[in-house]
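# A look at the structure
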Amino acid sequence: DTVPTMISGLFHSFNKMSVQLKEGQAVKEKYEQNRKELIAGISHDLKTPITSILGYIEGINEGVANTEEKMQTYMDIIYKNAQYTNQLIDDLFLFSKLDINQMDYNFELISVKDYFLDIFVEKKIDLEEQGAKVVYDIDLEEDFVMAIDSKLVHRIVSNLIGNAVKYNDKPNLNLRLQVKAIEGKEHGIMVSVSDNGIGIDEAHIHQVFDVFYRGDDSRSKDVGGTGLGLSISRQLVEAHGGTIWAESTPGTGTTIHFTLLDQHKEVNHGEDINY
Ligand code: ADP
């Protein structure tokens, strides 16, 4: 895919959306407003890290990074910003693919404990370096195998953790990551990500999974984002036969739960397997 294809995909989605919206001018205007804000948001979100990258490269060219230490700091900042830009573009690609139903899922068998332990340890190390406190709990009587799209599930967890980091005004982020088996369902799990952040008020709690929805706080406080993360997450969860929902107390924190069901029939051409 190229950026122009992706952008034309996005416009295709907007057109499709406006065709579906025959209910009235007000709704149409709301979508038009969201579209404008999305474009402004994407431009802003891309511009900020790229401006920083250019600034630091200029600094290097002018010889400002004249010690090994300074050079390392400059390189780290450039790398971080490039990584962020890459992530944002990935989200846009992913969103437009989901939106035009051209997603190729790659379901594969994973061992639930090992898989989540890897992700949780990676996140714990990363976030604790930044001063957060992370606890995790993989609450399974015994490990089992299930088929998921491992890259995409990693993406869901990363999205949720990214939000926990962004929507937090406490001195330290407290994060709790949990996996449980779903009672009465074979080879199904519930994953929960809890934070001690700003929370979501009740009036908006269902809207957060809507495409382009961004909380007023997120806009006014200029927290980077596009309003795509939770909508992408919801679609990826649904592709695993699951659901996603939020529980929150404003000022205290938020927990996002999602379920995943085994997709082994997709791996095994509709046949049952012996676990
Ligand atoms: P984005 O973060 O790009 O705005 P998302 O789709 O990830 O988009 O989230 C939509 C909105 O839901 C956010 O703008 C924010 O208002 C709210 N939100 C999401 N996660 C959290 C959280 N952990 N705590 C508080 N608010 C949240």
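Residues numbered from 1 in each chain as written. Predicted model: local features only at pLDDT ≥ 70, side-chain atom pairs only at ≥ 80, totals over all residues. Heavy atoms only, no water.

As annotated in an unreviewed UniProt entry, the chain carries the name histidine kinase and comes from Petrocella atlantisensis. In its Catalytic activity (unreviewed entry) section, the UniProt record describing the chain reads: "ATP + protein L-histidine = ADP + protein N-phospho-L-histidine." In the Subcellular location (unreviewed entry) part of its UniProt record, the chain is described as follows: "Membrane". (UniProt positions renumbered as here; feature names shortened; annotations may be inferred.)

### A word on a nonpolar patch on the surface
Side chains of Leu-117, Val-121, Ile-125 and Tyr-136 sit close together on the surface and give an oily, nonpolar patch of about 320 Å² of accessible area. Take the nonpolar patch: its biggest share by element is three residues, from helix 4 (residues 112–129). Tracing the backbone shows Val-121 in helix 4. Its relative accessible area of 31% is what places Val-121 among the partly exposed residues. (Patch = residues over 30% accessible without salt bridge, like charges linked within 9 Å, V, L, I, M, F, W, Y side chains within 5 Å. Areas by Shrake-Rupley, 256 points an atom, 1.4 Å probe, with all protein chains shown as cover. Salt bridge = Lys/Arg side-chain N within 4 Å of Asp/Glu carboxyl O. Helix = DSSP H or I, 4+ residues; strand = E, 2+ residues; numbered from the N terminus. Buried < 20%, exposed > 50% of the residue type's maximum accessible area, 1.4 Å probe, protein only.)

### Looking at a negative patch on the surface
On the surface, a cluster of negative charge is contributed by Asp-114, Asp-118, Asp-139, Glu-141, Glu-142 and Asp-143. By the element assignment, Asp-139 lies in strand 2 (residues 133–139). Residue Asp-139 is classed as partly exposed on the basis of its relative accessible area, which comes to 42%. (Lys, Arg positive; Asp, Glu negative; His and termini not counted. Charge placed at Lys NZ, Arg CZ, Asp CG, Glu CD.)

### A closer look at the sheet that holds strand 7 (residues 253–261)
If you trace the five strands from one edge of the open sheet to the other, you get 2-4-5-7-6, paired in mixed fashion. For this open sheet the edge positions go to strand 2 and strand 6 (244–249), each flanked by a neighbour on one side alone. Sheet twist, expressed as the mean angle between neighbouring strand axes with direction ignored, is 10 degrees. Bridge count between strand 6 and strand 7: six bridges; the pairing is antiparallel. In the strand pairing of strand 7, Ser-248 is matched with Thr-254. Lying over the sheet, helix 4 contacts strand 2, strand 4 (174–181), strand 5 (188–195) and strand 7, oriented at roughly 175 degrees with respect to strand 2. Docked against the sheet, helix 5 (residues 150–166) engages strand 4, strand 5 and strand 7, running at close to 175 degrees with respect to strand 7. (Pairing = 2+ DSSP bridges. Axes fitted to C-alpha atoms, helices over the stretch in contact; angles between N-to-C directions. Contact = heavy atoms within 4.5 Å.)

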